[in-house]
Amino acid sequence: MAIPAILDMWIWALLMLLLALPLLSRTVNFYFKIGSYCLLCLGASLVASVVCFLVNRGRTVRNMRIVKKFVRVFKYFYGLRLEAHGVEKLHDDKPCVIISNHQSILDMIGMMEILPKNCIQIAKRELVFAGPVGLIMYLGGVIFINRKQTSTAMSVMGEVGDILVKENLKVWIYPEGTRNGSYDMLPFKKGAFYVAVQAQVPIIPVVYSSFTSFYQPEKKIFTSGKIKIEVLDPVKTEGLTVEDIPELIKTCHSAMKEAFFRISDKLNENRTNDQALQPEQ
Ligand SMILES: CCCCCCCC/C=C\CCCCCCCC(=O)SCCNC(=O)CCNC(=O)[C@H](O)C(C)(C)COP(=O)(O)OP(=O)(O)OC[C@H]1O[C@@H](n2cnc3c(N)ncnc32)[C@H](O)[C@@H]1OP(=O)(O)O
Ligand SMILES: CCCCCCCCCCCCCC(=O)OC[C@@H](O)COP(=O)(O)O
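Residues numbered from 1 in each chain as written. Chains lettered and ligands numbered in written order. Predicted model: local features only at pLDDT ≥ 70, side-chain atom pairs only at ≥ 80, totals over all residues. Heavy atoms only, no water.

**Focus: unusual backbone geometry**
Basically, it comes down to this: Counting from the N terminus, the helices are DSSP H or I runs at least four residues long and the strands are E runs at least two residues long. Burial status follows relative accessibility: with a 1.4 Å probe on protein chains alone, a residue under 20% of its type maximum counts as buried, one over 50% as exposed, and anything between as partly exposed.
At Arg57, a position not held by glycine, the phi torsion is positive, near 60°. Relative to the helices and strands, Arg57 resides in the loop between α1 (5-56) and α2 (63-77). A positive phi angle, near 55°, is found at Lys220, a position not held by glycine. On the secondary structure map, Lys220 appears in the loop between β7 (215-216) and β8 (221-222). Judged by relative accessible area, which is 22%, Lys220 ranks as partly exposed.

**Concerning the UniProt feature "domain: Phospholipid/glycerol acyltransferase" (unreviewed entry) in the protein chain**
Formally: UniProt positions are given in the numbering used here, feature names are shortened, and annotations may be inferred rather than shown by experiment.
In the numbering used here, UniProt assigns the feature "domain: Phospholipid/glycerol acyltransferase" (unreviewed entry) to residues 96-211. Helix and strand shares over residues 96-211 are 36% and 21% respectively, and the end C-alpha atoms of the span are 26 Å apart.

**Examining the UniProt feature "transmembrane region" (unreviewed entry) in the protein chain**
Sites flagged by UniProt as "transmembrane region" (unreviewed entry) map to residues 7-24, 30-55 and 127-145. Helix makes up 100% of residues 7-24 and strand 0%, and the two end C-alpha atoms of the span are 24 Å apart. Along residues 30-55, the helical share is 100% and the strand share 0%, with 36 Å between the first and last C-alpha atoms.

**Here we look at a positive patch on the surface**
Which entries qualify depends on this criterion: Residues form patches when they are more than 30% accessible in relative terms and have no salt bridge. Like charges link within 9 Å. Nonpolar side chains (Val, Leu, Ile, Met, Phe, Trp, Tyr) link within 5 Å. Under the convention used here, a 1.4 Å probe and the Shrake-Rupley method define accessible areas, while residue burial counts only the protein chains that appear. Salt bridge criterion: a side-chain nitrogen from Lys or Arg within 4 Å of a carboxyl oxygen from Asp or Glu. Working convention for charge: Lys and Arg count positive, Asp and Glu count negative, and His plus the chain ends are omitted. To locate a charge, the coordinates of NZ of Lys, CZ of Arg, CG of Asp or CD of Glu are taken.
The grouping of Arg62, Arg65, Lys69 and Lys117 at the surface amounts to a positive patch. Within the secondary structure, Arg65 sits in helix α2.

**Section: the nonpolar core**
Just so we agree on the cut-off: The nonpolar core is taken to be a set of buried Ala, Val, Leu, Ile, Met, Phe, Trp, Tyr and Cys residues, with the residues joined through side-chain atoms within 4.5 Å. In what follows, residue pairs with any heavy atoms lying within 4.5 Å of each other are defined as contacts.
With 45 residues, the main nonpolar core has Ile114, Trp172, Val206 and Tyr208 as its most contacted residues. If one sorts the elements of this core by residue count, α1 sits on top with 7 residues. Every residue in contact with Ile114, bar those within four places of it in the chain, is listed here: Lys68, Ala84, Val87, Leu90, Trp172, Val206, Tyr208, Ile229 and Val231. In this structure, Val61, Val97, Ile99 and Val160 belong to the second largest nonpolar core, which totals 36 residues.

**Focus: the site of ligand 1**
Operational definition: One heavy atom suffices: a residue is near a molecule or strand as soon as one of its heavy atoms comes within 4 Å of it. Any pair of N or O atoms that falls within 3.5 Å is considered a polar contact. Within protein, one atom must be able to donate a hydrogen and the other to accept it, and sequence-neighbouring residues count only if both atoms are side-chain atoms. Side-chain classes follow a simple rule in which Ala, Val, Leu, Ile, Met, Phe, Trp, Tyr, Cys and Pro form the nonpolar group, Asp, Glu, Lys and Arg form the charged group, and the remainder, Gly included, forms the polar group.
Taken together, 31 residues are adjacent to ligand 1, and Lys124, Thr150, Lys190, Gly191 and Tyr194 come closest. Here Lys124 contributes a backbone N or O atom positioned 2.8 Å from an oxygen atom of ligand 1. Taking Gly191, its main chain carries an N or O atom lying 2.8 Å from an oxygen atom of ligand 1. Surface burial for ligand 1 is 82%, taken as the share of its 1400 Å² of free accessible area covered by protein chains. Those elements giving two or more residues to the shell around ligand 1 turn out to be α1, α2, α3 (107-114), β3 (119-124), α5 (150-166) and α6 (191-199). Looking at the shell around ligand 1 residue by residue, the class counts come to 21 nonpolar, 6 polar and 4 charged.

Structure below.
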């Protein structure tokens, strides 16, 4: 008996939907999680801004302790387990430049997990306009730079170099200069190294394992997962000058890249060969 064409079409449509459901649910899950993360950031920023005003009455790096308390809760909402090693290297009450790889807007969770006291951050200027998120960054002492204008960015970073020792501050900079979700590390921008050499303070590299085991925006994947954090040994800059900066960058980049592949490797097992993190040849 021939199935009426209209019924046949509906059966096909239903079959297609059932087949697409896992993909659909993955995509729905991805946007739900990212959307909720942004809303969480906005809402928490608003509340944290009020608390910061009440407690510290304005812009001060001390507000970052309040930000930390809020952001450190986020990992539980997304089933992210963070495992940090060497964090004690950040607890020296002395100025330094902290540099770390930058993979996504989720990096805030990893940063706030280990952010030491009196540590300001360098951010792109656009973020100051992200509503309450920009407000809480401003209140927390974040320094905003215009990446499109090297000269002004350099002078702002130069000012950072001046206050580090004067005010016993640390500064956290993402030397890749932008989010990088690839299986590798981008070449480093030079600003962080100029600041460290100018202030003659150590550079402390921090490496986060690849998020690709649980977070791949291009494939709409955002599941629970594990982030390994490794704080590497401080790199001295005493006695160095701007001529030493290219070598300094190479030293930091290769140490971080080695650590990145090492701590990401285990998260790599279920990845196809061509995608696997390939250690430097
Ligand atoms: C309560 C709930 C809250 C929930 C919400 C969360 C709130 C969280 C709160 C708080 C945490 C906030 C965390 C914020 C995170 C934000 C992340 C970002 O936005 S990352 C993007 C911005 N960061 C960077 O871009 C830094 C890295 N970039 C640099 O350092 C660059 O060097 C820069 C921008 C200074 C210039 O970049 P170029 O693109 O021009 O490239 P180059 O190659 O580095 O420099 C070009 C030439 O300028 C010279 N130069 C660079 N810096 C110099 C300097 N300081 N002095 C002299 N010359 C310098 C270099 O020698 C080079 O010259 P020759 O080509 O070698 O001849
Ligand atoms: C009013 C609009 C509000 C929009 C919601 C804001 C939610 C923000 C979530 C926290 C952002 C934390 C800072 C961060 O990680 O920014 C990423 C930048 O490095 C991006 O640089 P780039 O675009 O990769 O060059």
